[in-house]
Amino acid sequence: MRLFFGLSLPEDVRRAAHARALALCEHTPGRYVPPENYHITLAFLGDVPQERLRDAQEVLARCIRSLPAPRMTLGDTGYFGRAQNAILIIRVQAEPELSGLHERLVRELLAAGLPADPGPFSPHITLARHARIGALPAGNAPSFTAGQAHVFLSARDEDGVLRYTPLCAAAFAAHENSP
Ligand code: 3AM
């Protein structure tokens, strides 16, 4: 199974990201991602035997349970790759602790004998693939706090569309001021 660790988005942030995608698609054609797939990748594992899913989940839970939930802000719209065939993204501004978390996840995955792509780490939300970049207007820039992290399964559905399914969740440490 093809796995990665990621943060799911609060519903209002998912809506803000989708509104940006809708505003962009006229000038930047591409293969737009279903909004249910929006997430922030923390670490990419790749192919993992099913019997090791629990070990992966334990690495995630161990690495985040003593961390306060990270604060983030939706940043500029941008892209990876070539402007004619790009991955269209929203950059996510986060505290440096998020890069530290990525590095720790990679270290602990490798120590557990699980695969991990070492990076580089660049927090983002993917809006479209195979995009031809045109005007990139600014959009809403809400700040938000991550809720939970998940082990996601990446698999194509029967129509060949890539779907990301959260398999298990892990919680950040409760904040002192939280209810
Ligand atoms: O949908 P996005 O792009 O946000 O970018 C990849 C994708 O997130 C990311 O993991 C998610 C699921 O594929 N990723 C990071 N390193 C990767 C790699 N080596 C990778 N995906 C594939 N191969």
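Scoring rules and cut-offs
- Residues numbered from 1 in each chain as written.
- Predicted model: local features only at pLDDT ≥ 70, side-chain atom pairs only at ≥ 80, totals over all residues.
- Heavy atoms only, no water.
- Helix = DSSP H or I, 4+ residues; strand = E, 2+ residues; numbered from the N terminus.
- Rg over C-alpha atoms; globule rule 2.2 N^0.38 Å.
- Expected span 1.5 Å × (residues − 1).
- Buried < 20%, exposed > 50% of the residue type's maximum accessible area, 1.4 Å probe, protein only.
- Arc of directions from axis to C-beta.
- Contact = heavy atoms within 4.5 Å.
- Near = heavy atom within 4 Å.
- Polar contact = N/O pair within 3.5 Å; in protein donor to acceptor, adjacent residues only side chain to side chain.
- Areas by Shrake-Rupley, 256 points an atom, 1.4 Å probe, with all protein chains shown as cover.

Asks: An account of the overall build of the protein is needed here, citing residue identities and associated values.
Replies: Check the secondary structure of the protein and you find three helices and nine strands. Each helix (α) and strand (β) of the protein, taken in turn from the N terminus, gives the series β-α-β-β-α-β-β-α-β-β-β-β. For 179 residues, the compact-globule formula gives about 16 Å, and the C-alpha radius of gyration of the protein, at 16 Å, lands near that figure. For the protein, the C-alpha atoms occupy an extent of roughly 45 × 40 × 25 Å along the three principal directions.

Asks: Account for helix α2 (residues 53-64), naming residues and giving values.
Replies: A rise of 1.5 Å per residue sets the reference length of α2, with its twelve residues, at 16 Å; its end C-alpha atoms lie 17 Å apart and thus fit the reference within 8%. Taken as a whole, α2 has its buried residues at Leu-53, Ala-56, Val-59, Leu-60, Cys-63 and Ile-64. With its buried residues spanning 125° around the axis, α2 presents them on a single face. Structurally, α2 contributes buried residues whose contacts are with β1 (2-7), β3 (40-47), α3 (97-111), β8 (148-156) and β9 (162-171).

Asks: Could you give an account of the site of the ligand, with specific residues and numbers?
Replies: Lining the immediate surroundings of the ligand are Arg-2, Phe-4, His-39, Thr-41, Phe-44, Asp-117, His-124, Thr-126, Arg-129 and Tyr-164. The side chain of His-39 places a nitrogen or oxygen atom 3.4 Å from an oxygen atom of the ligand. Within the side chain of Asp-117, one N or O atom sits 2.6 Å away from a nitrogen atom of the ligand. Here the ligand has 470 Å² of accessible area as a free molecule, and 72% of this is covered by the chains.

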